[in-house]
Structure formats: C-alpha cells, structure tokens
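Commentary on secondary and tertiary structure
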Amino acid sequence: MPRLSFGAWVEDAVDWLQSNLTWIFDAIKTVLGGMYDGVNAVLGGGEPLLLAGIFAVVAFWLRGVFPAVLTFVGFALIDSLALWDEAMATLSLVVVAAVITIVIAVPTGIWAARNNRVSAALRPVLDVMQTMPAFVYLIPGVMFFGVGVTPGVIATIVFAMPPGVRMTELGIRQVDGELVEAAQAFGTTPKHTLTRVQLPLALPTIMAGINQVIMLALSMVVIGGMAGAGGLGEKVYAAITQLQVGLAAESGIAVVILAMYLDRMTGALNERVSPLGRRAAAKVAAGARRLKFAHYKPGTAVAMTGVVVLALIAGGLNIAGSGDSKATTADSGDVGKGQKINMGYIPWDEGIASTFLWKEILEQRGYETGITQLDAGPLYSGVARGDIDFQTDSWLPTTHKDYWDKYSDQLDDLGSWYGPTSLELTVPSYVKGIDSLADLKGQGKKFDGKIIGIEASAGMMGTLNKKVLKEYGLEGEYEVVSSSTSSMLAELNASIKKKEPVVVTLWSPHWAYGKHDLKKLEDPKGAWGKGEEVHTVAHKGFAKKAPAVADWLKKFKLTEEQLTGLENEIQEAGQGKEQDGVRAWLKKNPGLVDQLAPLPGGSKQQGKDAGKTVDMGYFPWDEAIASTYLWQNVLEDRGYRTTVKQLDPGPLYTGLAQGQLDVQFDSWLPTTHKDYWDKYKDDLVDLGSWYGPTSLELTVPSYVKGIDSLADLKGQGKKFDGKIIGIESSAGMMGTLNKKVLKEYGLEGEYEVVSSSTSSMLAELNRSIKKKEPVVVTLWSPHWAYGKHDLKKLEDPKGAWGEGEEIHTVAKKDFAEDFPELTGWLKDFELTEAQLASLEVEMQNGGAGKEKESARRWMDANPDVVAKMAPVTG
C-alpha cells in the first residue's frame, strides 16, 4: 500500500487557516478570553470564606444541611491549602466551557432527535470527538489561539460536547410516543409538543448529560494546564513534571472537591427543575421520620436572599479594601512603570532558576510579570505568537534545533547567557567497569535494557536515539525510556538508594552532580557533538515593546558557579518558593541586580539600611501626595523598599500609633491636627517641620468685587447662596472655621459651612469660575490652585485663623530604632515654597495614578535633590 500522507494534508490545512483566517481566531480568542476574565473576576475577586458561604447556601438549597456544611468545609480546605485563586480560575474555565457546550449541545441534540438524517450524520462526528485523545485538541488550539485560556476552553468544549448531544437526543427519543401522539391529536403545535411534553419528560436525561458535560470539562483541567490555561491544571502539571508529591496531593484534593461539588449540585438541580424530580424529592421528605431537619431545604427566595446578602458583604469588603486603603508597592528603579512582561519556561532546572531570577529582577525594576510553565512545543509556539515575551532556556544549536528551525522567522535570539554545556549519559559511581559510552555495549542486562531519558520533545533525546546509540552499536540492546526530567531524577534517586545499576540522560551543569556521586560516561567518538549554549529567545516585537529589558537580556551572563549556586538555593527553598530562593541567593550576591539590570544613568548609591521596607501613609492633600511620592522615589533610589497607603487622617494617625505604618509627612501643627496629636502623641515621634509657615484662609475668585476680607462677607450671604464650601469635616481648619472664624466676624446663621472633600471643593471652585459665579471656599497656602486660578485670599484683620502652622513629619514611636539612617534624613528635610509649588504643579500635570512618575520627572529636573535629601557617606 502506498503511504497515505494524511498528516501532511492536515498540516497544510492548518497552515492555510493560519495564513487566511487569523482574524477569526483573534476574534474568538477575544470573546472567550473576555468571558473567562469576567467570570474569574467574580469568582476570584471576593473574600474566599464568603464565597465558600455562597457555595454552601447553594448546596443547602439543592441538597440540605449536611451537604451545605461539607461544602463550606471543602472550600475552606482549598483556601487553607493556598489554592483558592487556582481553584476559582479552574472553576471559571469550567463554567465558561460548560455554558458554551450546553448552549450548543442541547439544541443540537434536539435537532438530532427530531431528524434521523441529522442524527446519522452527527453520530460519527461525535464518535471522533469522544474517542480522539484529548491531548490532540491542544495542538490546533495552541497553533490557532496561542497559549493561555482559549486553547484550554476550546479543547474542553470539543471533548465535553458528545455526552450533551447524545443524552439530549436520547432523552427526547425515550419520551413515550403515545404521549406525543395524544398531544398532537389535541391540536398541539410541534413547538408546544417539544416544550410542554417532550422536554419536561426528557429533562432528567438531559440533566444527566449536562452533569457529564461539566464533569468532562473539569477532567480537562490538567490538559488545559499544559497549554498555559492556569488554575489547578497548571499546579497539577507542575507537580507531575517536577515530581512534587505534596503539591500533586494538595492540587488533586482541590480538584476532587470541585468535582464532587459540581457533580452533586448538578445532579440535585434535576430535583428543582424537573417535575418528576420534584415529585421524587417530595416523597423522600414525606417518608423521613427521623432527623427531619436534615431533609429540610429552603425555598428559592430564601436561598437567593442568603446568596445576595453574602455577595453584597463580599462586594462591600472589596470596595472598602480597594478604596480606603489603596496601597502600592515598589522596589528600586521603577523603569517598567507597571508594564506587563510574560515569561515561559520548561521545567528544567536552569530554566526555572533563570526565569524566577528575571521575575525578581523585573519586579524590582517596576515591571509586572507573568510566568507560565509549558512543554517545549507550546512554549516556542507561544513565544512566536507573542503570547509569551521571552524564555531563557533555549539549548542551541542541537537540543532545540527543530523548534528554532520551525519558528526562527518569528523569534529573536537575544544571545547566550551560559555555555558551553555538555550532554551525557551518566551512571552512579558504584557501577564499576562502565566509564564510557563504549563500555555500555554488551551490558544491557545489567541495566534491564533501559536508558532513562527525559521529555521526548527534547533535542538531546533525538540525538541519543538517532546518533549516539548507532555510533556505539547500542541499538536493539537498549530502549530509551521517554519520561520527564523529574521522573528521570526520581528513578536515579530510587536506584541509588537501592544501589542498583541505572543509566540516565543528564547534562552539565546540573545540581544532581552535587547531590549524588555520579560518573559522566566519556564520549570518545564525539557522538553527542560539541557543547551547546543556553540562549534567551523572544518574539520579534519584544525589543520595541520593552527595549530596556531586551538590552539587559542581551548582556545577561551567569558563570557555572553562579548558576549552580542559584539552582541549589531554589532546591532548598522548595516547590512554590522559587522566588524566595532567588532572593536568598541575591542577598549572597549583592550588587548583582544592578549589574544584570543597570538603571538608566547608572545605579543609585545604596543607603546603610537598604533592603528595609518603609510603610508610608498619606491623606489626599496635595502637599501630602507630593512629599510622600517624592520620598518614595528617593528611598527606592537608596535601596529601600516602600509601600504607600492612602487613608483619612483618623485611620492614618491610628495606624502610626499602633505601628502599622512607619511615617507620614503631612501633620499640620499646632492647630489643624491638634486633636490627633493630643490623642496619640505618647505613641508618636515628631521628626520636625519641613515646610512653613502655612496659612489658612477663605478665598474668592478675583472677579468677586467688594469682598477683600473676612469682614466684607457680613451681609453678603445671598451673593454666595449662604454657603462656604469646605473640605473634610475631620480637618482641624473646619473646626476653627465653625467655632471661631464665623463667630469672630458675625457670620453665624448667615453662612452654612458645607463639609465635602478637598477634591469636591476644588471642583466647585472650578465650576463656579467657569460660570463666573461668586463662590467662597476654604483654602490654604501653599496650594497649586493659586497658580491655576486668579484668586483672592480674604484678609483676616482680627487674626481669627491664628498664626500660620508648620508641616511636620510624624512617625511611629520606635521609628528611630528601626530606621536610624532615614531618621537623620527626615530631621533635615526641608522644601522651599517654590520647590513645593513646582512639585505640586508637576503632580497636577501628570494626573491621577501617575504621582510617582510625576515626582520622578521633578527629581530629574532637580538633579541634586536626592543627594541633599538623603546623603550617603562612606
């Protein structure tokens, strides 16, 4: 028989589709990705225990008390295993895939039940969909849609579709024909026959099909994890490839809990939606004599109320968490400014080590990072498509030659960072008489005729099978067992413990040579070829997307000693703590981050307490925002870590007094913040004034004639609609205004002081000026509003506002002990009126959300400010 090139035809078809229908695939990816993101935002965004409570209420509604309790315990266990986010990501994927599958499968099954030709045509299609190995679906999925959620959703839909179609068709066909004939005899239309007779009676079978759809969708999570879909699948896949028994057990338990919940709930849903199911449930409840409460199920309205209440609480907590305490964390050198960089890696040790090293470096430089573990094929495909920006473990020119040849037109080689490497076969040192590859000939029985290999996709496996075995006459005598790197290492470890002979594929450098006493088998014929180089490979547009990172990667180098040390630290840290291992290694190699990722203009001089974290707070007054973000930049230039939280004055002073915050820069003393200082002064320390004197005032636009002092306001209340627009009611100046200023000038009763917020007051001022309407507002000096608008400060001839204040830096009580160097800097900190005004103007020009960048621009325009604010000696 001639060779049938079916596979070649399929590849040609795929190439044509990729070339001509990319827009369709991009649209599908956008839609499915948006659906997944929306569902995941809801499921993954709430407090875990509250969401567990919602799941428990649903279980209570469908199955009763005991299932509800078990549901809450199960989901609480997932949270305690630190797998909540992954579980919700998996549940989101299942929900999206199942909904789409059901929407397609049920109508298709109905069509097949009512049309024999459609049924006959669908049957072989469903057979192929159901029996084709699920892994096969990932190949076109990754090629058409790249790595991520979409190929996982597509593969899940295809794999889970058949039972939904088949069970729907079966359920409708099993409806008694006499009932259908009777309905038709009474004049029922075909549409009503379907909806009022066939579907209600077929519903139990259809629900069983939906149950199977959901369970099959969940069974695809591990396969989806191989394509970068994330969630529990990625955890399970990582555990499999790295032979992490503990992680596998924890992730497996989480999958089981999800599976049991979805299975029981979809099964019980039949009792709620099916007339037959409700009748059966009623009989069971009526027959229960003991523990009737165990069979109690709340009504739909009661259950819905419980769900809504818990959802509102969860939403309220989210709003409170994101609004009242808006925190940002950064490290030194914010080059990235939050830009997202996606990295991928194969679970080889140098790949893990270098990837997590760059994750830490990039995050220290202000980038947001994403990491995905993949097999070599999906990884190269993902980089070529641009779904992944770069990967640091390309072994060239041999191991990954096939992938490079296939995708080289879409990739950039950023250069080698380690080499030369060596590939080898290795045996434990106690295996005597086997010192070279030639010694293996005739010794196959000693090793049970097996050479333990790694991933079949690895280039070294091809070299071993096609060249090394042939060169040394080992074909037929040895079988190369494809497994994974972790499985190979596990087999090596097990054999060493039993003192059994074993031969494995290995390479240098590798931490296994430090852990075990091994022999590299010599290669006198040079069959393995020359040593390789480990390269960094990125997609074609990466250098334009992130030029600084591309430049760093092109210069990236590690010595064998550095790489081995890094790998050992990661091994000691354990699975899931790779970044902790990287940080421990970086502490032993100070200055390496600046060497690998130098800041523009050179690295910054480090302070004596570099590495310590300073927690700063501020309330949204302009000078507070300006000074806080100025100090954030200065401290990060000196090697400190920082967090910044926005709070109202009350919570801010409380946080300082309790030691939850370290310092804030906007204490107006002795008047505005007198109450807070008097209350908490025993738990605070005043580090001195950095600006003053200030002034508080009432202000009007300059076009308001005849109003030049506070005394002029008397009798003019109607002009201003009887209102003075104030700021936060908690501000001390508001108390002074109400209790003293109005009284001193006889304005009580004529004017109402409207408490609002600083931003609302400024908005009202801006609106009035645009309309040329009279308005009087509370304001203070310095303030950028005086530069933006033509305003008049109303004179205070009676001195009712009191003397000008000073703006102080206030810290927690033991601040000087925790930050001796910074304490000295803050005591000497001062800004002139011109400096503060220009800094605030820069902040206003930058806009909300860009405060840190705006402060950096001001610092660039004032290059000596860091040296003056934070001098480093020695």
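Here the structure is a predicted model, which is why all the values come from computation and not from measurement.

Counting its secondary structure elements, the protein chain contains 37 helices and 21 strands. Long-range contacts, defined as pairs at least 24 residues apart, comprise 80% of the intrachain contacts of the protein chain with a sequence gap of at least 6.

As a further point, take helix 9 (residues 177-185). One side-chain oxygen at the N-terminal end of helix 9 lies 3.0 Å from the backbone nitrogen of E178; it belongs to D176. At the C-terminal side of helix 9, G187 shows a positive phi close to 85 degrees.

A separate point is the environment of D448. For D448, the position within the fold is in the loop between strand 6 (422-428) and strand 7 (450-452). Residues D448 and Y478 lie 30 residues apart in sequence; the distance between their C-alpha atoms is 8.3 Å.

Following both chains from N to C, one finds helix 3 (residues 48-62) and helix 4 (residues 65-80) inclined at 155 degrees, their axes separated by 8 Å at the closest point. Relative to helix 4, the element helix 3 is oriented roughly antiparallel. In the packing of helix 3 onto helix 4, the handedness of the crossing is right-handed. Within the contact between the two elements, helix 3 uses P48, L49, A52, G53, F55, A56, A59 and F60 and helix 4 uses V65, P67, A68, T71, F72, F75, A76 and D79. Grouping the amino acids of the contact of helix 3 with helix 4 by side-chain chemistry returns 13 nonpolar, two polar and one charged.

It is worth spelling out the pairing of strand 12 (residues 613-618) at this point. Two elements, strand 12 and strand 13 (residues 641-646), share six bridges in a ladder whose sense is parallel. The residue of strand 13 that forms the bridge with M616 is V644. In the classification by handedness, the crossover that spans strand 12, the intervening helix 27 (residues 622-637) and the parallel strand 13 is right-handed.

Judged by side-chain polarity, V95, V99, V103 and I104 come together as a nonpolar surface patch covering roughly 310 Å² of accessible area. Its location among the elements puts V95 in helix 5 (residues 84-114).

Looking now at the pairing of strand 6. Along strand 6, six of the seven residues are buried, which leaves the element largely enclosed by surrounding structure. Alignment of strand 6 against strand 9 (residues 504-508), held across five bridges, turns out to be antiparallel. Considered in strand 9, the bridge of L425 is made with T505. Sheet topology note: the strand 6/strand 10 (residues 518-520) ladder contains three bridges and is antiparallel. Directly across from P428, in strand 10, lies its bridge partner L518.

For the rest of this paragraph, the subject is the pattern of salt bridges. Within this structure, the stated rule accounts for 25 salt bridges. Taking the shortest distance from any N to any O, the salt bridge between D263 and R264 comes out at 2.7 Å. A relative accessible area of 23% means that D263 is categorised as partly exposed. One salt-bridge network, held together by shared partners, links E360, D580, R583 and R641.

What follows covers the packing of aromatic side chains. Under the defined criterion, the tally for this structure stands at 25 aromatic pairs. Aromatic side chains F75 and Y261 sit 5.2 Å apart centroid to centroid with 85 degrees between the ring planes, which places their arrangement in the edge-to-face category. Taken as a pair, F75 in helix 4 and Y261 in helix 13 (residues 245-273) lie far apart in primary sequence, 186 residues in all. Considering the side-chain rings of Y653 and Y676, the 5.1 Å spacing of their centres and the 10 degrees angle between planes classify their relative orientation as stacked. Residue Y653 is located in helix 28 (residues 649-657), and its partner Y676 is located in helix 29 (residues 674-680); the two are separated by 23 residues in the primary sequence. By the burial criterion, Y653 is buried, and Y676 matches it. One aromatic cluster is present, built from ring pairs that chain together W631, F665, W690, Y691 and F829. The ring of Y472 has K525 lying over it, and the distance from NZ or CZ to the ring centre is 5.0 Å. The ring of Y745 is capped by K798, whose NZ or CZ atom sits 5.1 Å from the centre of that ring.

Right, let's talk about the packing of helix 2 (residues 22-44) against helix 8 (residues 149-173) for a bit. Packed helix pairs are characterised by how far apart their axes lie and by the angle those axes make with each other. Running from N to C, helix 2 and helix 8 cross one another at 90 degrees; their axes reach a closest spacing of 9 Å. The angle between helix 2 and helix 8 falls in the class roughly perpendicular. Each of I28, K29, L32, G33 and Y36 in helix 2 lies in contact with helix 8, whose residues at this interface are V149, T150, V153 and I154. Class assignment for the residues of the contact of helix 2 with helix 8 results in six nonpolar, two polar and one charged.

With that settled, the discussion passes to the nonpolar core. Grouped together as the largest cluster of nonpolar side chains are 87 residues, with contacts concentrated most on W631, L698, L713 and L822. Ranked by the residues each element gives to this core, the list is headed by helix 27, at eight residues. With residues up to four places along the chain from it excluded, the contact list for W631 reads M616, F665, L822, W825, L826, F829 and M869. Formed by 84 residues, the second largest nonpolar core is a distinct cluster that contains I341, V503, L518 and L592.

Here D637 is to be found in helix 27. Exposure remark for D637: the relative accessible area of 3% places this residue in the buried category. Only 2.8 Å separates the side chain of D637 from the side chain of R856, close enough to count as a polar contact.

Further remarks concern unusual backbone geometry. The amide bond that connects L396 to the next residue, P397, takes the cis arrangement and shows omega of 15 degrees. Mapped onto the secondary structure, P397 falls in the loop between strand 4 (390-396) and helix 18 (401-407). Along the chain, G419 connects to P420 via a cis peptide bond; the corresponding omega equals -5 degrees. Here P420 shows up in the loop between strand 5 (411-418) and strand 6.

Residues shown with low pLDDT carry predicted positions that ought not to be read at fine detail. When pLDDT is averaged along the protein chain, the result is 85, and 90% of the positions lie at 70 or above. Note on residues 322-332: pLDDT under 50 across the span, and 33 contacts to partners over four residues away in sequence or across chains.

Another aspect to go through is the environment of T188. Within the secondary structure, T188 is located in the loop between helix 9 and helix 10 (190-219). Dropping the residues within four chain positions of it, T188 is found in contact with A183 and T193. Polar side-chain contacts of T188 include one of 2.8 Å to the backbone oxygen of A183.

It is worth spelling out the environment of G746 at this point. Relative to the elements of secondary structure, G746 occurs in the loop between helix 30 (732-744) and strand 18 (752-754). Between the alpha carbons of G746 and K714 there is a distance of 6.9 Å; along the sequence they are 32 residues apart.

Each value, and the rule that gives it
- Residues numbered from 1 in each chain as written.
- Predicted model: local features only at pLDDT ≥ 70, side-chain atom pairs only at ≥ 80, totals over all residues.
- Heavy atoms only, no water.
- Helix = DSSP H or I, 4+ residues; strand = E, 2+ residues; numbered from the N terminus.
- Contact = heavy atoms within 4.5 Å.
- Polar contact = N/O pair within 3.5 Å; in protein donor to acceptor, adjacent residues only side chain to side chain.
- Axes fitted to C-alpha atoms, helices over the stretch in contact; angles between N-to-C directions.
- Parallel < 35°, antiparallel > 145°, perpendicular 65-115°, else oblique.
- Left-handed = near helix turned anticlockwise from the far one by under 90°.
- Nonpolar A, V, L, I, M, F, W, Y, C, P; charged D, E, K, R; others polar.
- Pairing = 2+ DSSP bridges.
- Right-handed = clockwise from strand over helix to strand, strands pointing away.
- Patch = residues over 30% accessible without salt bridge, like charges linked within 9 Å, V, L, I, M, F, W, Y side chains within 5 Å.
- Areas by Shrake-Rupley, 256 points an atom, 1.4 Å probe, with all protein chains shown as cover.
- Salt bridge = Lys/Arg side-chain N within 4 Å of Asp/Glu carboxyl O.
- Buried < 20%, exposed > 50% of the residue type's maximum accessible area, 1.4 Å probe, protein only.
- Phe/Tyr/Trp six-rings, centres within 6.5 Å; stacked < 30°, edge-to-face > 60°.
- Lys NZ or Arg CZ within 6 Å of the ring centre and 35° of its normal.
- Core = buried A, V, L, I, M, F, W, Y, C linked by side-chain atoms within 4.5 Å.
- pLDDT = per-residue confidence, 0-100.

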